[in-house]
Amino acid sequence: PIWSTNVSMPMRFKWIKGLLPAVWLCTACAGLHHAPRVAAPPCVLRAADSVGTVTEWTAEIHFARADFTGICVLRRTAGGAAGTVVNEFGVRAFDFTYDAQHRRVQLAQIMPMLDKWYIRRTLRRDWCALLEQLCDTTQADYRNARRNIDYRLTLLPPAAHATPQ
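Residues numbered from 1 in each chain as written. Predicted model: local features only at pLDDT ≥ 70, side-chain atom pairs only at ≥ 80, totals over all residues. Heavy atoms only, no water.

Student: Teacher, can you tell me more about the overall build of the chain here?
Tutor: The helix and strand inventory of the chain stands at two helices and seven strands. Put simply, the chain runs from its N terminus to its C terminus through helices and strands in the order α-β-β-β-β-β-α-β-β. Total accessible area computed for the chain in this model is approximately 11400 Å², and 59% of it derives from carbon and sulfur atoms. (Helix = DSSP H or I, 4+ residues; strand = E, 2+ residues; numbered from the N terminus. Areas by Shrake-Rupley, 256 points an atom, 1.4 Å probe, with all protein chains shown as cover.)

Student: Help me out: how do you make sense of the environment of V73 in this one?
Tutor: Note that V73 resides in strand β2 (residues 67-77). Sequence spacing of V73 and E56 is 17 residues, and the spatial spacing of their C-alpha atoms is 4.6 Å.

Student: Just to check I follow, could you spell out the pattern of salt bridges for this structure?
Tutor: Within this structure, the stated rule accounts for five salt bridges. A salt bridge links R143 to D150; the nearest nitrogen and oxygen atoms lie 2.7 Å apart. You can call R143 partly exposed: its relative accessible area is 45%. Residue classification places D150 among the partly exposed residues on the basis of a relative accessible area of 28%. (Salt bridge = Lys/Arg side-chain N within 4 Å of Asp/Glu carboxyl O. Buried < 20%, exposed > 50% of the residue type's maximum accessible area, 1.4 Å probe, protein only.)

Student: Please clarify how the nonpolar core should be interpreted in this entry.
Tutor: What tends to happen in soluble globular proteins is that the nonpolar side chains get buried as a cluster. Judged by nonpolar contacts, the single largest core of 28 residues is most densely connected at C72, V85, F94, F96 and W127. Every element with two or more residues in this core is listed here: β1 (54-62), β2, β4 (92-99), β5 (104-108), α2 (117-131) and β7 (149-155). Looking at which element gives the most residues to this core, the answer is α2, with five residues. Beyond its immediate chain neighbours, meaning those up to four positions away, C72 contacts T55, E56, W57, A59, T84, V85, F96, W127 and L153. (Core = buried A, V, L, I, M, F, W, Y, C linked by side-chain atoms within 4.5 Å. Contact = heavy atoms within 4.5 Å.)

Student: Before we go on, may I ask you to explain the packing of aromatic side chains in this structure?
Tutor: Aromatic ring pairs are described here by two measures, namely the spacing of the ring centres and the angle between the planes. On inspection of all chains with the given rule, the structure shows six aromatic pairs. Considering the side-chain rings of W117 and Y118, the 5.6 Å spacing of their centres and the 90 degrees angle between planes classify their relative orientation as edge-to-face. Here W127 and Y151 contribute two aromatic rings whose centre-to-centre distance is 6.1 Å and whose plane-to-plane angle is 75 degrees, an arrangement assigned as edge-to-face. Within this pair, whereas W127 is found in helix α2, its partner Y151 is found in strand β7, the two being separated by 24 residues in sequence. (Phe/Tyr/Trp six-rings, centres within 6.5 Å; stacked < 30°, edge-to-face > 60°.)

Any link to function would need more than the numbers given here.
Printed below as a string of structure tokens:
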């Protein structure tokens, strides 16, 4: 080996032998002290909505070879939102909860066709990015360019889902 004690080095290179472990130690320790990522949690839904407010959105998901349209029902919670996505035939695609402080989406009760690890991961990430855009707006769009998936949520007017009397 190059750094063995039996090998003689010219005097002008001996200082490198002592410097390399110090450089290695500094670079190894530099990654341990990251500043914490402090960011204000994004708003979810609209600022006028209070905790417990339920809003309905049309949901459109466009894949490369298929489309999904339906309704997303969101209920604002203290830490974010909870909701469900149902297609136009009443079949539930998935339920979710969104934690605004940690910017995480948890999926629950996913339909068997979507219950694959790679689909769940993509849905969690994309749905999180989509929900972060729902601040004082009536429409949110998100495009996953890597997977070629387009998402759109459009707020339904309150009279659109009222039951006739």
